[in-house]
Amino acid sequence: MNNYDVIVIGGGVVGGMILRELTRYELKVLMVEKNCDVAMGQSKANSGIVHAGFDAETGTNKAKFNVLGANMMQEVCEELGVNYKNNGSLVVAFSKEDIKTLKVLLKRGKKNGVKNLKIIAKKELKALEPNISDDALGALYAKSACIVCPYSLTIASIGNAMDNGADLLVDFDTVKVERDGEYTKLTASDGREVLGKIIINSAGAGAESIANLFGDYSFKTGLRRGEYMLLDRESGNLVNHTLFFTPSAKGKGVLVTQTVDGNILLGPTSVEDGNPIPETTDEGFAFIKEKASQMCKSVPYYNVITSFAGNRAFCDRHDFIIEESKAYKGLINLAGIESPGLTSAPAIAKYVVNEMVLKIKYAYVNHYFIRKRYSIDNLFQKPFKELTIEEKNFVIKKDKNYGKIICRCEGITEGEIRNAIRQNPPARTVDGVKLRTRAGMGRCQGGFCQSRIVEILAEENGVSVLEITKNGKGSEILVEEGK
Ligand SMILES: Cc1cc2nc3c(=O)[nH]c(=O)nc-3n(C[C@H](O)[C@H](O)[C@H](O)COP(=O)(O)OP(=O)(O)OC[C@H]3O[C@@H](n4cnc5c(N)ncnc54)[C@H](O)[C@@H]3O)c2cc1C
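Residues numbered from 1 in each chain as written. Predicted model: local features only at pLDDT ≥ 70, side-chain atom pairs only at ≥ 80, totals over all residues.

### Description of the site of the ligand
Let me state the cut-off plainly: Working rule for contacts: place C-beta from the backbone, and if it is within 6 Å of a molecule or strand, that residue counts as near it. Only runs of H or I of at least four residues qualify as helices and only runs of E of at least two qualify as strands under DSSP, and these elements are numbered from the N terminus.
Around the ligand, the surrounding shell holds 41 residues, and the nearest of these are Gly12, Gly41, Gly204, Gly206 and Gly341. Looking at the shell around the ligand, the elements with two or more residues in it are α1 (13-22), β17 (304-315) and α8 (341-360).

### A look at the environment of Gly69
What counts is decided by this rule: Distance between backbone-placed C-beta atoms decides contact: two residues are in contact if it is within 7 Å.
Within the element layout of this structure, Gly69 appears in helix α2 (residues 61-80). In the structure, Gly69 is positioned 273 residues away from Leu342 in sequence and 8.5 Å away in space, judged by C-alpha atoms. The contacts of Gly69, once residues within four sequence positions are left out, are Thr343, Ser344, Ala345, Pro346 and Ala347.

### Quick notes on unusual backbone geometry
With an omega of 10°, the peptide bond running from Ser339 to Pro340 counts as cis. Inspection of the secondary structure puts Pro340 in the loop between β19 (331-335) and α8. In the segment running from Asn424 into Pro425, the intervening peptide bond is cis, with an omega of -15°. Within the element layout of this structure, Pro425 appears in the loop between α10 (414-422) and α11 (430-437). Here Asp171, not a glycine, exhibits a phi torsion of approximately 55°, which is positive. In this fold, Asp171 is placed in the loop between β9 (167-169) and β10 (174-180).

### Details of the pairing of strand β5 (residues 89-93)
As a reminder of what qualifies: As a rule, residues whose C-beta atom has 12 or fewer other C-beta atoms within 10 Å are exposed, those with 20 or more are buried, and those in between are partly exposed; C-beta atoms are placed from the backbone. In this scheme, strands are said to pair when DSSP sees at least two bridges between them.
By the criterion of burial, β5 is predominantly enclosed, with five of the five residues buried. Of the two faces of β5, the one lined by Ser89, Val91 and Ala93 and the one lined by Leu90 and Val92 are each fully buried. The pairing of β5 with strand β14 (residues 242-245) spans four bridges and is classified as parallel. Residue pairing across strands places Leu90 opposite Leu243, the latter belonging to β14.

### Some points on the domain arrangement of the protein
Worth spelling out the cut-off: Boundaries between domains were set according to an automatic or database domain assignment. Amino acids are sorted into nonpolar (Ala, Val, Leu, Ile, Met, Phe, Trp, Tyr, Cys and Pro), charged (Asp, Glu, Lys and Arg) and polar (every other residue, Gly among them).
Assigned domains of the protein: these are domain 1 (3-43 + 151-220 + 317-360), domain 2 (89-143 + 223-313) and domain 3 (384-467). When each unit is reduced to the centre of its C-alpha atoms, the spacing between domain 1 and domain 2 is 31 Å. Facing the seven residues of domain 1 at the interface are five residues of domain 2. Of the residues belonging to the side of domain 1 that touches domain 2, the class tally is two nonpolar, four polar and one charged.

### Thoughts on the environment of Lys382
Along the chain, the position of Lys382 falls in the loop between α8 and α9 (389-398). Through-space distance from the C-alpha of Lys382 to that of Val82 is 8.4 Å; in sequence the pair is 300 residues apart.

### Details of the sheet that holds strand β8 (residues 146-148)
Taken in spatial order, the three strands make up an open sheet running β3-β8-β4, and their pairing is antiparallel. The sheet is open, and its two edges are formed by β3 (49-50) and β4 (84-85), each paired on a single side. Pairing between β3 and β8: two bridges, direction antiparallel. Note that in β8 the partner of Ile49 across the bridge is Ile147.

### Regarding the sheet that holds β5
Quick note on the threshold: Orientation is described by axes fitted as lines to C-alpha atoms, over the contacting stretch for helices, and by angles from 0 to 180 degrees between their N-to-C directions.
Spatial ordering of the open sheet is given by β6-β7-β5-β14-β15-β16-β13-β17, a layout of eight strands whose pairing is mixed. The open sheet has two edge strands, β6 (117-121) and β17, and neither has a second partner. Across the sheet, the mean angle separating the axes of adjacent strands is 25° when strand polarity is ignored. Bridge count for strand β15 (residues 255-258) against strand β16 (residues 264-267) is four bridges, and the pairing is antiparallel. If you follow Thr257 over to β16, its bridge partner there is Leu265. Of the strands in this sheet, β5, β13 (221-231), β14, β15, β16 and β17 are in contact with helix α7 (residues 282-295), which crosses β13 at around 65°.

What follows is the structure, encoded as structure tokens:
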């Protein structure tokens, strides 16, 4: 059995950033994830907004880590080769009551340390957003807000940690824990066992169950579903900034935003029905359409190419829980990391490692830590399709697979797909390839390229195409080989 200094439970963006931060030190570290791949929880299905930091009440963990994380995000994305855009956000007012709320948010934002925040009048708002509804009266303009691809960030942070020596076990559903001398033994549902001195519980929606396994019942979590509609890139210029309504007790409400890949995202809803599998609904779509049409003129719904949903994992303390368990020494709980958890992740990771882990177990700095995530794919720090002809020729000369387009909608090459299967953490499923390369994310949603991706996955892994799944056991794509 393998012994580790630290085991991180949960392959989301919080666990990923922590794993990466841990590899800056001479520590033996492992991540265990219950799904067949990382980035399958909240970190896959969210809005992808790097929030400026005016929403959370001053003095809370949410406020503190939001502002710190937002300030770190650009550098982290550049190091990891993750797409990032500073598009700015606008909280739009439609009534006198809303204007009052903008003033509260402005004051709170300044207290939280947000820079470049101001209220703008209707004329300036119109100039920034020509498609905004005529009923809009003004907005809170946060120039520092950004957009990022949440699953790319998660995958890249875990990949970089693995390049720096971290181990990853997928399909490891932690179901049992036992003290074993100075170690804790974690057992998975399939009987696999691992030992760790410090256990980090960053299991998102599973954080309460994990804490309970350690005899810690100090918090309760719940789920709030958010549904989205995604528009084709053709409609990408509908808005320039991220547009919010004024927030309510249920959250920031439906937003209209560009994604970092140039699509338009509408949503999320906010429904607490206890369903652990987040699904989209007709009522959800109707609500999103009603709100988006209130925000913008002539939203091109005919350009919707897909829809999805994610579950926010909130907790009964209404703030991020980031603390060592009082019930079990060596267990660090990260729970209730709902929005702005994506934004906060780099700052949470620094805090957890420097102020918590290293205080329990001192470790030397790893002088061999590699900050950048290199591969032929991100040699130029941008997708292959955005390279100049000279750059493309350079890459194709190194690997001819970059000269073959597999996903025509998104312009993704065979080289990029093979790289996603070979690079840490390796893509093992069709969805894994999709999240790492965008192959299958375009207008045809994989209709043309999926069969070729299945073949490449089978070839790279030396298995039959019948073994290739969409997203893990039970989602096999083919039942019989063609003659
Ligand atoms: C609809 C929605 C919109 C959001 N929008 C934004 C936004 O715009 N900006 C922002 O900053 N934040 C946003 N958030 C919040 C952000 O997505 C989360 O804060 C963040 O993704 C949390 O990451 P995590 O690693 O804690 O959890 P997760 O990503 O959920 O990861 C937890 C992992 O633990 C694994 N796990 C669970 N149980 C076990 C077990 N027993 N053994 C092993 N592994 C286990 C899960 O499979 C999962 O992969 C949004 C969230 C949602 C749902």
